[in-house]
Amino acid sequence: MAFLGVERSLTGRRWVGLSDDEDRLAEAIAQAARVPLPVARVLARRGVAPEAAPGFLAPALRDLLPDPLCLRDMGAAADRVLHALRRRQRIAVFADYDVDGGASAALLLVWLREMGHGATLYVPDRIDEGYGPNVPAMQALGAAHDLIVCVDCGTLSHEPIAAAGCDVVVLDHHLGGETLPPALAVVNPNRQDEDGRLGYLCAAGVVFLLLVEANRRLRGEGVQGPDLMRLLDLVALATVADVAPLVGANRALVRQGLAVMARRGRPGLVALADVARMTKAPDTHALGFLLGPRVNAGGRIGQADLGARLLATDNPAEAAALADRLDRLNTERREIEAAVRAEALAQAEARGVEGPLVWAAGEGWHPGVVGIAAARLKEAFDRPSVVIGFDGAIGKGSARSVAGVDLGAAVARVAAEGLFLKGGGHRMAAGLTVARDALEPAMARLAELLARQGAGQGGPRDLAVEGLLAPEGLTPELVAQIEAAGPFGASAPAPRFVLADQLVQDVRRIGDQHLRLRLGSGAAAVQAVCFGAFDSPIGPALAAGGAGRFHLAGRVEIDSWGGRQKVQLRLDDAARA
């Protein structure tokens, strides 16, 4: 039965509240943990047992961090890095060009620097070299170094690693193939011979575990390694920006990492927060939508190593210059992306968006923005999406998935069958290369594989809501208690609450697409904001004169604008009362 009887909201969604069992669980949690019922309802939807609630609300890294040695090859990888330190060997770090790759590289570079050891950073150009190790780059690095550490890449790079001519250690999280490359160590929770328990880690999480193990071995020798807790801001940024599930150890890594970041001790992140005009303590939204895109901008349309250099530098002046450059590149990226996104949306709609896969391809679409365009298609149509930019006969694309559909495995399968020239990734995102003459059959095969996983089935999307709140009950203290159930993000969506039967007042349009309004009256009045309201039926309905009364669903948050803390509702959906 739909929550408040809302079978079809203004955005066409059915609202779904807690089940009867979850309602009973919420009551038990509220009593056992002595938390407000709205907080208990958030925990109940996560399946948290009453006795586990206190620990869930205060996740401790010491309790949740796994033993690094539970990952295959971890011991060999740690030993080889420490051997290179002792022998003063030449080390190169080969990193992917996204946030996870940049943060992973920075983790290693900062740790090595604090151990008194330098390293060469190499990030391939997205257009000229593509993703991951390539033979010319690995040969050149191997000729000048004793050890190459590949981060956020390398698991499928058999030929380039064989060509290196020196020891190679791979620290990655992308899906592995049936065979491993000829590296000294391949540490990857998504190797086929791993049990998958840590498959939720991003590459920076894997690198952090390597440093934990390296420090443990140093302590056994009576040597104090660098303070790893100070590096957790990098792990948090990568985890959120790479859309890694916020479950297990990731919850503690991100929670602690946000606290480290708030202390503003890393010059690169301080400079980036300043150019992004962050006015409050960092949260997952800031990492995913303010900082992450700017770090990514260098790899998308500029110089590929800018993000990693920014995150690794200890020089405030260099950090400020790099942050300013990345901010300008991000502005340019947005302009390029807007054009590609509009074309991709129009093409996808013309092709049809009712199947298991939504896709678009165009000549000259910049390969640095196709991933963002794919994410927009996925959000618009709630289906796995692929966007491909062609340069002549060859196209490079990015894909994004929805919950419950393993996109990386499907893309890897199509590549193994020969319809993609290259392809791989993880559950929620993948990259691919395809010949123009194979495009249609490749997309048809990918759609077939995704359909088998249930993609595109069912009617309008459901909107999960945790329950009702009254405007007079919305206090900063309650919002802080709800936030304690976070961090929120992938696999742990921010809870939504409903303010029922509200008279919408003081409706104001902000810019072209956004809306601000007031609910309630007097001391109990609550402000609400709806971003992108006029990209959906919400904006016109709420802005209409004499619009009437509505049920309003969204996330409660603190608005600190003007130095005063006020609760506001970030509106996601609405239905006529």
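Residues numbered from 1 in each chain as written. Predicted model: local features only at pLDDT ≥ 70, side-chain atom pairs only at ≥ 80, totals over all residues. Heavy atoms only, no water.

### Some points on the overall build of the protein chain
Rules: Helix and strand definitions follow DSSP, with helices as H or I runs of at least four residues and strands as E runs of at least two, each counted in order from the N terminus. Our radius of gyration is a C-alpha quantity, and the globule rule it is checked against amounts to 2.2 Å times the number of residues to the power 0.38. Exposed residues in this analysis have more than 50% of their type's maximum accessible area, buried residues have under 20%, and partly exposed residues fall in between, with area computed by a 1.4 Å probe over protein chains only. In what follows, residue pairs with any heavy atoms lying within 4.5 Å of each other are defined as contacts. Residue exposure ignores everything except the shown protein chains as possible cover, and the areas themselves are Shrake-Rupley values with a 1.4 Å probe. Counting rule for charge: Lys and Arg are taken as positive, Asp and Glu as negative, and neither His nor the chain ends is counted. In plain terms, the charge of a residue is placed at NZ if it is Lys, CZ if Arg, CG if Asp and CD if Glu.
For the protein chain, the count of helices and strands is 20 helices and 19 strands. Compactness check: the protein chain gives a C-alpha radius of gyration of 24 Å against a globular reference of 25 Å for 577 residues, within 12% of the reference. Seen through its principal axes, the protein chain has C-alpha atoms that stretch 75 × 60 × 45 Å. Within the protein chain, the proportion of its 577 residues that are buried is 55%. Put simply, of all contacts in the protein chain between residues at least 6 apart along the chain, 64% involve residues at least 24 apart. Total accessible area on the protein chain stands at roughly 23,700 Å², and carbon and sulfur atoms take up 51% of it. Here the protein chain contributes 62 positively and 67 negatively charged side chains, and the mean placements of these two sets differ by 3 Å.

### Quick notes on the pattern of salt bridges
Using the following cut-off: Every case where a carboxyl oxygen of Asp or Glu lies within 4 Å of a side-chain nitrogen of Lys or Arg is listed as a salt bridge.
In the structure shown here, the tally under the stated rule is 40 salt bridges. Of the charged contacts, one joins Asp573 and Arg13 as a salt bridge, the two residues approaching to 3.6 Å between their closest N and O atoms. Of this pair, Asp573 sits in strand 19 (residues 566-576) while Arg13 sits in the segment before strand 1 (14-16), and the two are 560 residues apart along the sequence. By relative accessible area, which is 0% here, Asp573 ends up buried. The buried category is assigned to Arg13, whose relative accessible area is 13%. Here Glu337 makes a salt bridge to Arg376, at a shortest N to O gap of 3.6 Å. A residue pair is termed long-range when its members are at least 10 positions apart, and Glu337 in helix 15 (residues 316-351) and Arg376 in helix 16 (residues 370-381) qualify at 39 residues. Several salt bridges converge on common partners, so that one network encompasses Asp67, Asp79, Glu213, Arg216 and Arg217.

### Topic: the nonpolar core
Where we set the bar: In plain words, nonpolar cores are sets of buried Ala, Val, Leu, Ile, Met, Phe, Trp, Tyr and Cys residues tied together by side-chain atoms within 4.5 Å.
Counting residues in hydrophobic clusters, the biggest one holds 88 residues, and the most contacted among them are Leu108, Trp111, Val151, Leu171, Leu237 and Leu291. If we ignore the near neighbours within four places in the chain, the residues touching Leu291 are Leu237, Met261, Leu269, Leu272, Ala273, Met278 and Ala286. One finds Val39, Val479, Ala528 and Val567 within the second-largest nonpolar core, a separate group that totals 43 residues.

### A closer look at the state of the cysteines
To keep things clear, this is the line we draw: In plain terms, two cysteine sulfur atoms within 2.5 Å form what is called a disulfide here.
Scanning all chains against the criterion turns up zero disulfides. Of all cysteine sulfurs in the structure, the one in Cys150 sits closest to Cys153, which takes part in no disulfide; the separation is 5.0 Å. Not part of a disulfide, Cys166 finds its nearest cysteine sulfur in Cys150, a span of 9.1 Å.

### Points about the packing of helix 17 (residues 407-416) against helix 18 (residues 439-452)
Filter applied, for reference: Between N-to-C directions, angles cover 0 to 180 degrees, with each direction set by a line fitted to C-alpha atoms, over the stretch in contact for helices. Each angle is binned into one of four classes, with values under 35 degrees roughly parallel, values over 145 roughly antiparallel, values of 65 to 115 roughly perpendicular, and all other values oblique. Should the near helix be turned anticlockwise from the far one by less than a right angle, the crossing is left-handed, and should it be turned clockwise, the crossing is right-handed. Under the convention adopted here, Pro, Cys and the residues Ala, Val, Leu, Ile, Met, Phe, Trp and Tyr are nonpolar, Asp, Glu, Lys and Arg are charged, and Gly plus all remaining residues are polar.
Between helix 17 and helix 18, the least distance of the axes is 10 Å, while the angle of their chain directions is 140°. By the angle between their directions, the pair helix 17 and helix 18 is classed as oblique. Classified by chirality, the crossing of helix 18 by helix 17 is right-handed. Each of Leu407, Ala410, Val411, Arg413 and Val414 in helix 17 lies in contact with helix 18, whose residues at this interface are Ala442, Arg445, Leu446, Leu449 and Leu450. In the contact of helix 17 with helix 18, the residues fall into eight nonpolar, no polar and two charged.

### Details of helix 17
To keep it simple, the criterion reads: The directions considered for the arc run from the helix axis to the C-beta atoms. Pairs of N or O atoms within 3.5 Å make up the polar contacts considered here, provided that, within protein, one atom can donate a hydrogen while the other can accept it, and that residues adjacent in sequence are counted only when both atoms are side-chain atoms.
What helix 17 keeps buried is the set Leu407, Gly408, Ala410, Val411, Val414 and Ala415. With its buried residues spanning 165° around the axis, helix 17 presents them on a single face. Looking at the buried side of helix 17, the elements it contacts are strand 9 (394-400), strand 10 (422-425), strand 11 (429-435) and helix 18. Its side-chain oxygen 3.4 Å from the backbone nitrogen of Gly408, Asp406 forms the N-cap of helix 17. The first or second residue beyond helix 17 is Gly418, which carries a positive phi of 95°.

### Some details on unusual backbone geometry
Note that the residue after Gly486, namely Pro487, is joined by a cis bond; omega there is 5°. Structurally, Pro487 can be placed in the loop between helix 19 (476-483) and strand 14 (497-503). With a phi angle near 55°, Arg34 is a residue other than glycine that sits in the positive phi range. Residue position: Arg34 is located in the loop between helix 1 (20-33) and helix 2 (37-45).

### Points about the packing of aromatic side chains
Put simply, the rule is: Pairing of aromatic rings covers Phe, Tyr and the six-membered ring of Trp, with a centre-to-centre limit of 6.5 Å; geometry is then stacked below 30 degrees between planes, edge-to-face above 60, and tilted otherwise. A ring is considered to have a charge above it if a Lys NZ or an Arg CZ atom is located within 6 Å of its centre and within 35 degrees of its normal.
Per the stated rule, a full pass over the model turns up one aromatic pair. One cation-aromatic arrangement involves Arg251 over Phe56; the distance from NZ or CZ to the ring centre is 3.7 Å. Taking NZ or CZ as reference, Arg509 lies 3.6 Å from the ring centre of Phe534, over its face.

### Some thoughts on helix 10 (residues 232-241)
For helix 10, a buried count of nine out of 10 residues is recorded, marking the element as mostly surrounded by other parts of the structure. Every buried residue belonging to helix 10 is among Leu232, Asp233, Leu234, Val235, Ala236, Leu237, Ala238, Thr239 and Val240, and all of these are buried. Positioned one or two residues after helix 10, Val243 has a phi angle of 55°, which is positive.

### Quick look at empty space enclosed by the protein
Selection rule: Grid points spaced at 1 Å and placed over the protein atoms alone form the basis of the search, with a cavity being a set where a 1.4 Å probe fits but cannot get out and a pocket an open set showing protein on both sides within 12 Å along at least five of seven lines. Lining residues have an atom within 4 Å of a point. Grid points are joined across faces, edges and corners, and a volume is the space filled by probe spheres set on the points.
Under the criterion given, the structure shown has two cavities of 30 Å³ or more. Roughly 50 Å³ of volume is contained in the largest cavity. Forming the walls of the largest cavity are Asp96, Tyr97, Asp98, Gly102, Val123, Val295, Gly298, Gly299, Ala304, Gly307 and Ala308. Residue assignment for the lining of the largest cavity shows that the elements contributing at least two residues are helix 13 (284-301) and helix 14 (306-312). Per element, the largest residue contribution to the lining of the largest cavity is three residues, and it comes from helix 13. Of the residues belonging to the lining of the largest cavity, the class tally is five nonpolar, four polar and two charged. When its volume is computed, the second largest cavity comes out at roughly 40 Å³.

### Considerations on the pairing of strand 7 (residues 358-363)
This is how the line gets drawn: Here, a strand pair is defined by DSSP locating no fewer than two bridges between the strands. Orient the strands so they point away from the viewer, and a crossover whose first-strand-to-second-strand path over the helix runs clockwise is right-handed.
Here strand 7 lies mainly inside the structure; five of its six residues are buried. Where strand 7 and strand 8 (residues 385-391) come together, six bridges link them in parallel fashion. Paired with Glu363 across the bridge in strand 8 is Phe390. Viewed along the sheet, the connection from strand 7 through helix 16 into strand 8 turns out right-handed.

### Here's the deal with the environment of Glu448
By secondary structure assignment, the location of Glu448 is in helix 18. Residue classification places Glu448 among the partly exposed residues on the basis of a relative accessible area of 38%. Taking C-alpha positions, Glu448 is 26 Å from Val340, a pair spaced 108 residues apart along the chain.

### Describing the sheet that holds strand 15 (residues 505-510)
An order of 13-14-18-19-17-16-15 is seen for the seven strands of this open sheet, with the pairing classed as mixed. Unpaired on one side and paired on the other, strand 13 (467-468) and strand 15 mark the two borders of the sheet. Of the strand pairs in this sheet, strand 14 and strand 18 (residues 549-559) are connected by five bridges, and their pairing is antiparallel. Note on strand 18: the bridge partner recorded for Leu499 is Leu552.

### Considerations on the sheet that holds strand 9
Read from one edge of the open sheet, five strands run 7-8-9-11-10, paired in mixed fashion. Bordering the open sheet on either side are strand 7 and strand 10, each of which pairs with just one other strand. Across the sheet, the axes of successive neighbouring strands diverge by a mean angle of 15°, strand direction being ignored. Direction of pairing for strand 8 relative to strand 9: antiparallel, over a ladder of seven bridges.

Interpretation in functional terms is not warranted from these geometric data alone.
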